[in-house]
Amino acid sequence: MKVGILGGGQLGRMLLQAAANYDITTYVLEKDPLCPAAHLCHHFTKGDIMDYDAVYNFGKQLDALTIEIEAVNVEALEQLEKEGVKVYPTPAAIKIIKNKILQKQFYSEQEIPTSPYYITQHQSDLLQHLDFLPAVHKLAEGGYDGKGVQVINNEAEIELGFNAPAILEKKVKIAKEIALIVAMDAQGKTIIYPPAEMVFDSVYNLLDYQLSPAKLEERILWKAQAMARKVVTGLKSPGLFAIELFIDVNGDVWVNETAPRVHNSGHHTIEANYSSQYDTLLRILLNYPLGNPNEILPSAIVNIIGADGFTGDVYYEGLDEVLKMDNVFVHLYGKLQTKPGRKMGHVTIISNDYLDLTHKANKIKHTLKAITK
Ligand SMILES: Nc1ncnc2c1ncn2[C@@H]1O[C@H](COP(=O)(O)OP(=O)(O)OP(=O)(O)O)[C@@H](O)[C@H]1O
Ligand SMILES: [Mg+2]
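Cut-offs used in this document
- Residues numbered from 1 in each chain as written.
- Chains lettered and ligands numbered in written order.
- Predicted model: local features only at pLDDT ≥ 70, side-chain atom pairs only at ≥ 80, totals over all residues.
- Helix = DSSP H or I, 4+ residues; strand = E, 2+ residues; numbered from the N terminus.
- Rg over C-alpha atoms; globule rule 2.2 N^0.38 Å.
- Pairing = 2+ DSSP bridges.
- Contact = placed C-beta atoms within 7 Å.
- Buried ≥ 20, exposed ≤ 12 C-beta atoms within 10 Å, placed from the backbone.
- Axes fitted to C-alpha atoms, helices over the stretch in contact; angles between N-to-C directions.
- Parallel < 35°, antiparallel > 145°, perpendicular 65-115°, else oblique.
- Left-handed = near helix turned anticlockwise from the far one by under 90°.
- Nonpolar A, V, L, I, M, F, W, Y, C, P; charged D, E, K, R; others polar.
- Core = buried A, V, L, I, M, F, W, Y, C linked by C-beta atoms within 7 Å.
- Domains from an automatic or database assignment.
- Arc of directions from axis to C-beta.

Undergrad: Would you mind going over the overall build of the chain with me for this structure?
TA: Along the chain, the regular secondary structure elements total 10 helices and 22 strands. Here the C-alpha atoms of the chain give a radius of gyration of 20 Å, agreeing with the 21 Å that 2.2 N^0.38 yields for 373 residues. Taken along the three principal axes of its C-alpha coordinates, the chain extends 55 × 50 × 45 Å.

Structure representation (structure tokens):
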């Protein structure tokens, strides 16, 4: 089988690492020939995943096609689907998710709890919603790594808002942020991974550190799982989905957003779970039976983020010290250049003991740095 991936970042790279276990030929479409996934696929095509012709011509040679980022040309995927290429997630599902306005409307239609919102077209529209503040302004399309997200606490901060189609959603008093990965095969069978709990870096709005399985009250976990399953069955698309949820200070659960693809919150499943998120997506694309999503051991993920004040050829300070630690797995994404805030790699820690996980996570955060020489 010929299987293609739109996008050649670290998620594509890890998908290809899992793909090496199966009897398939892999293809990647991406603009940058030095991207993290380029040298791990059988066939690399240089091209723009937002361009109709590039995506169509790439896809028509394939049996199955998936994405590692949702900013892709959906019209080309729709045409490929019509012509019989298996496209998972479906173009219809990608269309809903890639636009945060359509995504929010989808939750409302499906009666899936999500924080209340208004749709805005211009920054000046925010003036009509002063009573609604504090709120979070989110670009409908084109945001990444938290860069399309702006908290607006009061009238003075309106100048920070976006001058393009966006949603303004009520700021949730968050007690915990979790993510649930749900996978659905072509027969409609679903599996769900144990919950991951995240802590964020307030400077870059990037994930700081993550634990899985998250320790949650059973009642809250059941609610979150039911909501996450409803997102996927509502999208009616085979594939693998990560649903980010907020648990607020009252114990209410809200869907934040969905990613129709393998996700940062599932990196640990490579070492910590029986079947990784990457393996699961491949099984679905290949129409193989689903595997076991459960954990072998609890785990933590520490992201390796480009350190402040360093731009240029990357050097990993403290790598030896981290590699000496027990049950710690380093993943460097092969990016040649670092810059402040760039995702350069991650480290997974596995242990039966949550204290051991948090202790090692903190140690790694303070030891391993992506800098320049
Ligand atoms: N309504 C909200 N209330 C409170 N905090 C929020 C709200 N929406 C988003 N945030 C905070 O901002 C973070 C980023 O928001 P969101 O996940 O919507 O954006 P994103 O651009 O997809 O970011 P990423 O790609 O990092 O997931 C959330 O993880 C959360 O910490
Ligand atoms: Mg997010």
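Right, picking up where we left off after that structure.
Undergrad: Help me out: how do you make sense of the sheet that holds strand 4 (residues 64-67) in this one?
TA: By definition, the strands of a sheet pair up through backbone hydrogen bonds, in either a parallel or an antiparallel sense. With respect to topology, 5 strands assemble into an open sheet ordered 3-2-1-4-5, the strand pairing being parallel. On the outer flanks of this sheet lie strand 3 (43-46) and strand 5 (86-87), each paired with one strand and no other.

Undergrad: Just checking my understanding: could you explain the environment of I192 for this structure?
TA: Mapped onto the secondary structure, I192 falls in strand 11 (residues 190-192). I192 has contacts with L180, V182, Q225, A228, R229 and P293, leaving out every residue within four places of it along the chain.

Undergrad: Honestly, the pairing of strand 14 (residues 239-248) in this entry has me stumped. Any pointers?
TA: Strand residues, when the strand is regular, have side chains that alternate between the two faces of the sheet. Of all 10 residues that make up strand 14, 8 are buried, and the element is covered over most of its length. Where strand 14 folds back onto strand 15 (residues 253-259) in an antiparallel hairpin, the turn is made up of 4 residues, including G251, whose phi is positive at roughly 85 degrees.

Undergrad: I would appreciate a short explanation of the packing of helix 1 (residues 10-19) against helix 8 (residues 277-285) in the present structure.
TA: How two helices sit against one another is set out by the angle between their axes and by the gap between those axes. Interhelical geometry of helix 1 versus helix 8 gives an angle of 70 degrees and a closest axis separation of 9 Å. Taken as axis vectors, helix 1 and helix 8 run roughly perpendicular relative to one another. Handedness of the crossing formed by helix 1 with helix 8: right-handed. On helix 8, the residues touching M14, L15, A18 and A19 of helix 1 are Y278, D279, L281 and L282. For the contact of helix 1 with helix 8, the per-class residue count stands at 7 nonpolar, no polar and 1 charged.

Undergrad: Quick question: what am I supposed to make of the nonpolar core here?
TA: Nonpolar side chains tend to gather and get buried jointly when the protein is soluble and globular. Counting 87 residues, the largest nonpolar core has L15, L180, V182, I243 and L245 as its most contacted members. Counting residues in hydrophobic clusters, the runner-up holds 10 residues, among them Y117, L126, L139 and L168.

Undergrad: Before we go on, may I ask you to explain the sheet that holds strand 8 (residues 149-152) in this structure?
TA: With antiparallel pairing, the 4 strands of this open sheet are ordered in space as 6-9-7-8. Unpaired on one side and paired on the other, strand 6 (117-120) and strand 8 mark the two borders of the sheet. Along the sheet, successive strands turn relative to each other by an average axial angle of 25 degrees, direction set aside. Note that strand 7 (residues 135-139) and strand 9 (residues 166-170) share 5 bridges and pair antiparallel. If you follow K138 over to strand 9, its bridge partner there is I167. In the packing of helix 5 (residues 100-109) onto the sheet, contacts are made with strand 6, strand 7 and strand 9, and the angle to strand 9 comes to roughly 45 degrees.

Undergrad: What am I meant to see in the domain arrangement of the chain here?
TA: By a widely used convention, the size of an interface equals the accessible area lost when the partners come together. According to the domain assignment, the chain consists of domain 1 (2-87), domain 2 (116-170) and domain 3 (174-371). The C-alpha-based centres of domain 2 and domain 3 are spaced at 27 Å.

Undergrad: Can you walk me through the packing of helix 3 (residues 74-82) against helix 4 (residues 91-98) in this structure?
TA: The contact between helix 3 and helix 4 brings their axes to 9 Å, and the two run at 165 degrees. When the axes of helix 3 and helix 4 are compared, the pair comes out roughly antiparallel. Of the two possible hands of crossing, helix 3 and helix 4 adopt the one that is left-handed. In this structure, helix 3 contributes V74, L77, E78 and E81 to the contact, and helix 4 contributes P91, I94 and K95. Of the residues that constitute the contact of helix 3 with helix 4, the class distribution is 4 nonpolar, no polar and 3 charged.

Undergrad: Whenever I open this one, unusual backbone geometry confuses me. Can you help?
TA: Cis rather than trans, the peptide bond between Y88 and P89 has omega equal to 0 degrees. Mapped onto the secondary structure, P89 falls in the loop between strand 5 and helix 4. Cis geometry marks the peptide bond from S212 to P213; its omega dihedral reads -5 degrees. Mapping P213 onto the fold places it in the loop between strand 13 (206-212) and helix 6 (218-235). For K236, which is not glycine, the phi torsion reads 55 degrees and is therefore positive. Summarising the element assignment, K236 is placed in the loop between helix 6 and strand 14. C-beta crowding within 10 Å serves as the criterion here: with 11 such atoms nearby, K236 is assigned to the exposed category. Of note, N287 is a non-glycine position whose phi angle comes to about 60 degrees, a positive value.

Undergrad: Can you help me understand the environment of Q103 in this one?
TA: You can see Q103 is positioned in helix 5. On the basis of neighbour counts, which here come to 21 C-beta atoms within 10 Å, the residue Q103 falls in the buried class. For the pair formed by Q103 and E257, sequence separation is 154 residues and the distance between their alpha carbons is 7.8 Å.

Undergrad: What's the story with helix 3 in this structure? I'm lost.
TA: Owing to its 3.6 residues per turn, the α-helix brings residues three or four apart onto one side. Regarding helix 3, the residues found buried are V74, A76, L77 and L80. Projection of helix 3 onto a plane perpendicular to its axis shows the buried side chains occupying an angular sector of 155 degrees, all on one side. Of the surrounding secondary structure, the elements contacted by the buried residues of helix 3 are helix 2 (52-59), strand 4, strand 5 and helix 4. Where helix 3 ends, the next residue or the one after it, G84, has phi of about 100 degrees, a positive value.

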